[in-house]
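What the coordinates show
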Amino acid sequence: MYTTIFALLFACGDAEEKQEIPKPSTPEVKAEAKAEPTPPVATKSDDMPDKSDDVANGAEKTTTDIGGTKPTVKKEEKLISTKKVEAAQSKLLTGKVEKMLKSEAKKQGFDSVKGIKLAKQTCSGGTCSAIGQGTAVKTVITYAEGNGISVKQDEGEAKDAIITKIDGDKFSVKYADGTEASVTKDKLGLRKD
């Protein structure tokens, strides 16, 4: 492309010698101007993001070192049901079934019940009956060394820490201020980030 431009410029330069001389130098300057910014921008921008990434990664590593990794969190669900429940009216069945399902879920270590429904509902002689069904739900958190967690304090507030050692149901934790403590699993929780 530049070869064609130079050929045209030199051809025009023969016809008008003095006026056409600045024109060939102008495209050369533009070509140089275009050529100069491209390599420095590519070279500098390639170097600069790497440095920025290193700084950013360093900052993230600092945060990660202080905050640790996230514990493994899984939801567990289990279908549960009641025995036959009776009530004077059908609208009272739902409340009774919900109470019974929540109680059963709690006995089995679940946090809540969802999708409550009545099955085999019948009403006769002033009495209604049904079987309650629902899905018991619980969140299972698995802690490991290096996890960033929240530790409930006796004063009521929670402090961020990192698990340094697990020995049975005792967890050694290190707080952001450098202090260490041994706590039980019931004191541990997920951090709010």
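Data block above holds the structure.
Residues numbered from 1 in each chain as written. Predicted model: local features only at pLDDT ≥ 70, side-chain atom pairs only at ≥ 80, totals over all residues. Heavy atoms only, no water.

**What about the overall build of the protein chain?**
Within the protein chain one finds five helices and eight strands. The N-to-C order of helical and strand elements in the protein chain reads α-α-α-α-β-α-β-β-β-β-β-β-β. Expressed as a percentage of its 193 residues, the buried residues of the protein chain come to 22%. When the accessible surface of the protein chain is summed, it comes to about 13,900 Å², and 54% of that surface belongs to carbon and sulfur atoms. (Helix = DSSP H or I, 4+ residues; strand = E, 2+ residues; numbered from the N terminus. Buried < 20%, exposed > 50% of the residue type's maximum accessible area, 1.4 Å probe, protein only. Areas by Shrake-Rupley, 256 points an atom, 1.4 Å probe, with all protein chains shown as cover.)

**Points about the pattern of salt bridges**
Enumeration according to the criterion identifies five salt bridges in this entry. The partner of Glu77 in a salt bridge is Lys114, with the nearest N and O atoms 2.7 Å apart. In this pair, Glu77 is assigned in strand S1 (residues 72-87) and Lys114 in strand S2 (residues 112-124), connecting sequence segments 37 residues apart. The class of Lys114 is partly exposed, set by a relative accessible area of 42%. Across the salt bridge formed by Asp154 and Lys187, the nearest N and O atoms sit 3.2 Å from each other. In this pair, Asp154 sits in the loop between strand S4 (148-152) and strand S5 (158-167) while Lys187 sits in the loop between strand S7 (180-184) and strand S8 (188-189), placing the two residues 33 residues apart along the sequence. (Salt bridge = Lys/Arg side-chain N within 4 Å of Asp/Glu carboxyl O.)

**A short note on the side chain of Thr135**
Residue placement: Thr135 occurs in strand S3 (residues 127-142). Excluding residues within four positions of it along the chain, Thr135 makes contact with Glu77, Lys78, Leu79, Ser112, Val113 and Lys114. (Contact = heavy atoms within 4.5 Å.)

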